[in-house]
Amino acid sequence: QRSCKWFQRGDGTARFQFHSAKVGDAFHASRMIDYNEDWLFSTIFRLDGSVALRSTLFAFPAAMFSLLLMYLDDFVEDFRENLGIAMLASSQIWNASTVVLVFLLGFRARQGLARFWEGTGLLHQMRGEWFDTVSNCVTFSISARPSKPDEVMRFRHTLVRLMSLCHGSALEEISGDVAELRVIDVMGLDAPTLHHLWECSEVHQFNRVEVCLHLLQTLITKALDDGVLKIPPPILSRVYQTISRGFVNLLNTKKITDTKFPYPFAQIIALFLLLHLIMSPALITASVPHKVFAPILTFLAVFSMFALNFISIELENPFGLDANDLPLTHFQKEMNDCLLMLLHPNTDLVSGLDPKVMLDFKELYEEINPTDPSASSKRGKRLWSVRELAKVANDDGEEGDPAGSEVPSPVMPAVVPTAPAPPEPPKTPKVEDILPMLAKNMDDFNQSLKQWTTTLQSQVSDANKAYKVLSGCSERIPRLLQEAEALTNGHETKPGWESALVNIT
């Protein structure tokens with residue numbers, strides 16, 4: 001898998017130029033942020049993909065301006081009255097402008113989030129439709145494989161390469177050609193195809209995705225005429241429908257990239273943000289005349305508005321290489337993996353049943369819903385990983401009769417040596433031997449977890465008790481201080497004051 005761009009050599013033939021370093025940079029740069037909100041401070045202080053720095057560039061000067069106004073009040077008499085700030089503080093102008101700004105920012109944030117989710121949904125639908133196209137064609141060519149193995153294999157490999165190139169070109173197009181994605185061995189295509197791709201893209205400036213889709217439909221139609229696809233034409237029409245629906249999803253995705261947020265809304269939002277930036281320091285310092293709290297409140301007010309606006313801008317176009325953009329390289333890798341799966345040697349495998357399979361409905365129902373869960377057999381527990389399933393299948397094949405009988409033969413070999421047999425090599429443990437050990441380990445783990453939970457609960461209970469004791473002491477300390485002050489001031493000591501102090505403590 002390599003990334004490439006076509007260019008023309010001096011002799012006029014089409015060749016490809018590879019960008020390995022740039023591809024690696026794009027691969028890492030376009031990876032979406034993976035975060036965990038369980039850790040509060042790591043989420044707050046992470047700078048990658050954050051809008052905090054850009055918002056701080058506007059909020060910090062506003063906070064400093066509010067602090068300057070507080071010091072000018074100390075050095076210049078009637079400074080606010082002369083500028084009319086006190087009159088503005090008592091009016092509703094700032095409140096009204098803030099309400100309008102919040103409404104506009106909320107509207108933009110909703111639109112941006114809707115575009116973000118619509119974009120990722122359309123990309124997944126496009127990949128699903130185009131994978132269904134290739135999967136159907138591979139399935140339809142199974143019948144022709146015994147008679148035309150070479151033609152079927154070449155058809156599948158050509159189909160997979162063209163679809164990988166088509167999907168990668170689609171993602172590059174919606175990203176504005178800022179991402180260079182990896183495709184499956186595009187150099188495996190023949191020279192006429194490569195030259196046609198280069199000429200349509202570089203000379204005539206045709207849409208690369210449309211060129212690839214037309215090549216795919218031409219390839220599928222040719223395979224039907226050559227007998228590689230042995231399927232009735234009405235059923236094959238489903239393939240053309242999935243190609244069309246995938247392309248429609250791509251066009252709907254381009255609608256997001258081609259249509260920006262309306263400029264009048266952006267202009268009004270920018271105007272109200274500027275007013276908010278200028279008026280917030282003056283009005284907050286008039287309401288909160290404190291040299292510490294006034295700058296802090298000004299910073300938070302301005303920071304929140306600008307942060308919400310920058311978040312909306314990040315969400316409006318989720319295709320690119322920014323930290324908050326959709327992971328286009330991940331989408332292309334998923335598509336490549338799906339296509340490579342269709343070229344696996346066992347792709348044409350037809351699933352069957354084990355010779356010892358249960359075909360009776362009552363037995364099968366009892367196996368899935370046993371009255372005694374401890375008495376269920378191992379056949380009802382085959383919900384393991386693929387590796388364990390493959391191991392069980394190999395074990396069952398070794399234990400079964402080579403002739404295909406349903407019951408394995410229990411007869412031992414006829415020739416038994418009279419001399420003491422040498423020690424047998426260690427046998428590979430079977431799944432039925434491992435399962436009890438695994439169950440025991442799980443029980444031990446559950447018991448340890450319960451003990452740890454009990455210990456933690458007791459520690460929390462002790463901490464609560466200690467907190468209550470400290471709270472009681474904090475309530476008794478003022479009374480003790482009063483009694484001590486009374487003793488030091490020489491007041492008459494009432495009889496029984498020692499017992500009173502004991503009761504207080």
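Conventions we followed
- Residues numbered from 1 in each chain as written.
- Predicted model: local features only at pLDDT ≥ 70, side-chain atom pairs only at ≥ 80, totals over all residues.
- Heavy atoms only, no water.
- Helix = DSSP H or I, 4+ residues; strand = E, 2+ residues; numbered from the N terminus.
- Buried < 20%, exposed > 50% of the residue type's maximum accessible area, 1.4 Å probe, protein only.
- Contact = heavy atoms within 4.5 Å.
- Areas by Shrake-Rupley, 256 points an atom, 1.4 Å probe, with all protein chains shown as cover.
- Salt bridge = Lys/Arg side-chain N within 4 Å of Asp/Glu carboxyl O.
- Disulfide = S-S within 2.5 Å.
- Expected span 1.5 Å × (residues − 1).
- Bend = angle between axes of the 7 residues up to and from the residue.
- Patch = residues over 30% accessible without salt bridge, like charges linked within 9 Å, V, L, I, M, F, W, Y side chains within 5 Å.
- Axes fitted to C-alpha atoms, helices over the stretch in contact; angles between N-to-C directions.
- Parallel < 35°, antiparallel > 145°, perpendicular 65-115°, else oblique.
- Left-handed = near helix turned anticlockwise from the far one by under 90°.
- Nonpolar A, V, L, I, M, F, W, Y, C, P; charged D, E, K, R; others polar.
- pLDDT = per-residue confidence, 0-100.
- Core = buried A, V, L, I, M, F, W, Y, C linked by side-chain atoms within 4.5 Å.
- Phe/Tyr/Trp six-rings, centres within 6.5 Å; stacked < 30°, edge-to-face > 60°.
- Lys NZ or Arg CZ within 6 Å of the ring centre and 35° of its normal.

### Topic: the overall build of the protein chain
Per the secondary structure count, the protein chain includes 17 helices and two strands. Taking all 505 residues of the protein chain together, the buried fraction comes to 31%. A sequence separation of at least 24 residues applies to 75% of the contacts in the protein chain between residues at least 6 apart. Total accessible area on the protein chain stands at roughly 32300 Å², and carbon and sulfur atoms take up 62% of it.

### Considerations on unusual backbone geometry
Of note, the phi angle at Asp177 is positive, near 60 degrees, even though the residue is not glycine. The backbone of Gln205 shows a phi angle near 60 degrees, a positive value even though the residue is not glycine. Note on placement: Gln205 falls in the loop between α8 (191-203) and α9 (208-225). Its relative accessible area of 59% is what places Gln205 among the exposed residues.

### Section: the pattern of salt bridges
Overall, the coordinates contain 14 salt bridges when judged by the stated rule. Asp132 is the partner of Arg238 in a salt bridge, and the nearest nitrogen-oxygen pair spans 2.7 Å. Pair noted here: Arg238 is in helix α10 (residues 233-258) and Asp132 is in helix α6 (residues 93-140), with a separation of 106 residues, a long-range link. Of the charged contacts in the structure, one is a salt bridge between Asp185 and Arg161, with a shortest N-O distance of 3.0 Å.

### Things to note about the state of the cysteines
By the definition in use, this model includes zero disulfides. Of all cysteine sulfurs, the one in Cys166 lies closest to Cys212, which takes part in no disulfide; the gap is 5.2 Å. The class of Cys212 is buried, set by a relative accessible area of 1%.

### What about the environment of Ser141?
Relative to the elements of secondary structure, Ser141 occurs in the loop between α6 and α7 (149-174). Sequence separation of Ser141 and Phe155 is 14 residues, and the distance between their C-alpha atoms is 8.9 Å. When near neighbours in sequence (up to four residues on either side) are disregarded, Ser141 contacts Val152, Arg156, Val228 and Leu229.

### Description of helix α3 (residues 52-75)
If you check α3, its first and last C-alpha atoms are 34 Å apart, about what 24 residues at 1.5 Å a residue would give, namely 34 Å. Phe58 marks where α3 bends most, by close to 30 degrees; the proline Pro61 follows one to four residues later. Along α3, the residues that are buried comprise Ser55, Ala59, Ala62, Ala63, Ser66, Leu69 and Met70.

### Description of a nonpolar patch on the surface
Together, Ile434, Leu438, Met442, Phe445, Leu449, Trp452, Leu456 and Val460 make up an exposed nonpolar region whose accessible area comes to about 760 Å². Note on Met442: relative accessible area 43%, which makes it partly exposed.

### A closer look at the packing of α6 against α10
Packing of α6 against α10 brings their axes to within 8 Å, and their N-to-C directions diverge by 160 degrees. Relative to α10, the element α6 lies roughly antiparallel. Along this stretch, α6 crosses α10, giving a crossing that reads as left-handed. Within the contact of α6 with α10, the residues separate by chemical class into 13 nonpolar, nine polar and seven charged.

### Here's the deal with the side chain of Ser66
Its location among the elements puts Ser66 in helix α3. Beyond its immediate stretch of four places on either side in the chain, Ser66 contacts Pro281, Thr285, Ala294, Pro295 and Thr298.

### With respect to the side chain of Arg161
Considering the arrangement of structural elements, one finds Arg161 in helix α7. Accessibility expressed as a relative area gives 14% for Arg161, which makes it buried. With sequence-adjacent residues up to four places away left out, Arg161 is seen in contact with Ile184, Asp185, Gly188 and Leu189.

### What to know about the packing of α6 against helix α12 (residues 293-316)
Put simply, α6 and α12 touch, their axes get as near as 8 Å, and they point 25 degrees apart. If you check the angle between α6 and α12, you find them roughly parallel. As for the relative orientation of α6 and α12, their crossing is left-handed in sense. Mapping the contact onto sequence places Thr98, Leu101, Val102, Leu105, Gly106, Arg108, Ala109, Gly112, Leu113, Arg115 and Phe116 in α6 and Met305, Leu308, Asn309, Ser312, Ile313, Leu315 and Glu316 in α12.

### Focus: α10
Under the 1.5 Å per step criterion, the end-to-end length of α10 is 37 Å for 26 residues, consistent within 8% with the ideal 38 Å. Residues of α10 that are buried include every one of Leu236, Val239, Thr242, Ile243, Gly246, Phe247, Asn249, Leu250, Thr253, Ile256 and Thr257, and no others.

### Digging into the confidence of the model for the protein chain
Averaged over all residues, the pLDDT of the protein chain is 79; the fraction at 70 or higher stands at 75%. Of the regions scoring below 50 in pLDDT, residues 6-29 engages in 49 contacts with residues more than four places distant in sequence or in other chains. The low-confidence segment residues 400-421 (pLDDT under 50) makes six contacts with residues lying over four places distant or belonging to another chain.

### Comments concerning the nonpolar core
Counting 55 residues, the largest nonpolar core has Leu123 and Trp130 as its most contacted members. Residue assignment for this core shows that the elements contributing at least two residues are α6, α7, α8, α9, α10 and α13 (328-341). At eleven residues, α7 tops the list of elements feeding residues into this core. The residues contacting Leu123, other than those within four sequence positions of it, are Leu171, Ile174, Thr253, Phe319, Leu326, Leu328 and Phe331.

### With respect to the packing of aromatic side chains
One pass over the full model with this rule turns up nine aromatic pairs. Relative to Trp117, the ring of Phe116 lies with its centre 6.0 Å away and its plane at 90 degrees, an arrangement referred to as edge-to-face. Look at Phe116 and you get buried, because its relative accessible area is 9%. Taken together, the ring pairs connect Phe58, Phe306 and Phe310 into an aromatic cluster. Over the aromatic face of Tyr71 sits the side chain of Lys291, whose NZ or CZ is 5.5 Å from the ring centroid.

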